[in-house]
Amino acid sequence: MEASGGGSLLERRSSVRRSQSMVSEEGRGTPADEDLGGGGTLKIGAVLDKDSAAPKSRLAKDTGEHGGGGPSEMELMKEKFAKLLLGEDMSGSGKGVPSALAVSNAITNLAASVFGEQRKLEPMAPDRKGRWKKEVGWLLSVADHIVEFVAKKQVLDNGVEMEVMGTQQRRDLQANIPALRKIDTMLLDYLDNFKDRNEFWYVKRDSCSDSDEQRSDEKWWIPIVKVPPGGLSPASRGWLQHQKELVNQVLKAAMAINANCLMEMAIPESYLESLPKNGRASLGDALYRIITDVEFDPDVFLSTVDLTSEHKILDLKDRIEASVIIWNRKVHNKDGKSAWGSAVSQEKREQFEERAQTLLLIIKHRYPGIPQSTLDIAKIQENRDVGFAILESYSRVLESLAFNVMSRIEDVLNADDHAREKAKKEAPPAPAMANDAAEHHHQQAGEVDAPCKMTGSPNGRTLLDFMDDWNGDADRPSPTAPEPAAQEDGRLMKLPNIMTNLKQTYMDNLFGAHRSPPGRH
């Protein structure tokens, strides 16, 4: 009985608890499990929102009005500029890079992530293009607040005109930022022009044999270009040549802005301390002897050095830049390493500096895709001017994009040249009988037209002319003989030997059978 009484008591208590829980759930209107996110227990790192009973993670980003569609544009901009203010040091201890270098690195990294996948001549993906335009606009907005003081006129309420100091955007930024934005738009438009071009296509390197390999191993990550067996059509090839010229003009403009910006940057003291004591030590005896010769020719200088690899080109550029700075400092008496009684005069140093500057300009235009030199890297790292950092990095990434587009166009043109040469080699030779018939036809035509071709008109020669030719009057100059050309310095230039296809004339056919062999005369 006691056991049965205890069991009935427990049953009544459990029924009362179930009824109480049902009443409390009906009062709140939502199940208890749904209030706790469906699991009945709160997760670590989650807090209850005041406006909602559902838990909300502190580690999740605030999506604002976008719901669960990812971070908003405002959040992305806040994150990017927060990293710039921290100087890429997330610890907040102040050990980050300067603001100028942080902006330069941000533009460089953005271009690498957006344009790094542009390996074909095709329009950019809409998402990548939209990201580039949006985020590069954020970074360039910093230049809008880099100002300088200028004199402006202000008219007061009483009509008095006063001159006050106002602010405007710095002149170099005001001139170059719009130009770079225009170059950016033009490059993206040039890529969009390849949308409907289907005369060439790309294949993976694994699907091609070694005989079809047309590029060196330095471009192993780029797909191989394929063209039709007979090559591109003349219209398509001409269009590609035109696009290459357009991109080349854009490339030169970006290179000019970048070179001018780097020239305006101050040379770091750390780089000056690493320079040798004179230009001979920087260039070497052989190169110094050529560059200081009386008869200096830049093309001869570049032909004597080894420029077969990118590393050798960069090494030569570093040496020439170091010698230019050494000679420049000695001309302006800023170099304390020079000894007294130097054998090289100031005029000679200025001449050597101009020659070295010419060599640097030729190397820059002949090899636009080489990496930055030691001097350029030192200037970028030690630069503290945010305006220069924006101009240099933006022009550099556009220059790299233009060079890559030109390289892709050249790949297509090279593949077209290879296809044309291969088609010529595989073309069957013409039949021998057809060639003989054509040759006989041309020979007969030459025999009939020979008297006419001698004077340029059918009735241009008289009997006296024939008699003069028969008598062997060779002293009279031919009316169609070319005159010696004159060179620019006034000297006569000897004409090259011109080989022509000699044909028998009418007189030779007429009297050739009655002439004696030349050995009997």
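In case you missed it, the structure is sitting above this.
Keep in mind the model is a prediction, meaning the values are calculated, not measured. (Residues numbered from 1 in each chain as written. Predicted model: local features only at pLDDT ≥ 70, side-chain atom pairs only at ≥ 80, totals over all residues. Heavy atoms only, no water.)

Draft legend 1. Broad picture of the overall build of the chain. Secondary structure summary: the chain contains 18 helices and eight strands in total. Looking at the chain as a whole, 28% of its 521 residues are labelled buried. As displayed, the chain offers around 35,000 Å² of accessible surface, 54% of which is attributable to carbon and sulfur atoms. (Helix = DSSP H or I, 4+ residues; strand = E, 2+ residues; numbered from the N terminus. Buried < 20%, exposed > 50% of the residue type's maximum accessible area, 1.4 Å probe, protein only. Areas by Shrake-Rupley, 256 points an atom, 1.4 Å probe, with all protein chains shown as cover.)

Draft legend 2. Looking closely at the packing of aromatic side chains. In total, this model carries eight aromatic pairs according to the counting rule given. A ring pair is formed by W132 and Y394, whose centres lie 6.5 Å apart and whose planes are at 40 degrees; its orientation type is tilted. You can see W132 sitting in helix α5 (residues 126-140) and its partner Y394 sitting in helix α15 (residues 386-426), a full 262 residues away along the chain. For the residue pair W132 and Y394, the accessibility class agrees, reading buried in each case. A centroid spacing of 6.3 Å and a plane angle of 80 degrees characterise the contact between F200 and Y202, whose relative ring orientation is edge-to-face. Note on Y202: relative accessible area 17%, which makes it buried. Of the aromatic side chains, those joined through ring pairs into one cluster are F115, W132 and Y394. (Phe/Tyr/Trp six-rings, centres within 6.5 Å; stacked < 30°, edge-to-face > 60°.)

Draft legend 3. Representation of a nonpolar patch on the surface. Together, L156, V160 and M162 give the surface a local cluster of nonpolar side chains, amounting to about 230 Å² of exposed area. Here L156 is to be found in the loop between β3 (147-155) and β4 (161-169). According to the relative accessible area criterion, L156 is partly exposed, its value standing at 34%. (Patch = residues over 30% accessible without salt bridge, like charges linked within 9 Å, V, L, I, M, F, W, Y side chains within 5 Å. Salt bridge = Lys/Arg side-chain N within 4 Å of Asp/Glu carboxyl O.)

Draft legend 4. Structural detail: the side chain of E353. The residue E353 is located in helix α13 (residues 346-366) in this model. One buried charged residue, E353, remains without a salt bridge, the closest side chain of opposite sign being R349 at 9.1 Å. Other than its neighbours up to four places away in sequence, E353 contacts V324, W327 and N328. (Lys, Arg positive; Asp, Glu negative; His and termini not counted. Contact = heavy atoms within 4.5 Å.)

Draft legend 5. Focus on the pattern of salt bridges. As enumerated under the stated definition, the model contains 20 salt bridges in all. D417 serves as the salt-bridge partner of R237, at 2.9 Å between the closest nitrogen and oxygen. Of this pair, R237 sits in helix α7 (residues 234-264) while D417 sits in helix α15; the two residues are 180 residues apart in sequence, bridging distant segments of the chain. Judged by relative accessible area, which is 30%, D417 ranks as partly exposed.

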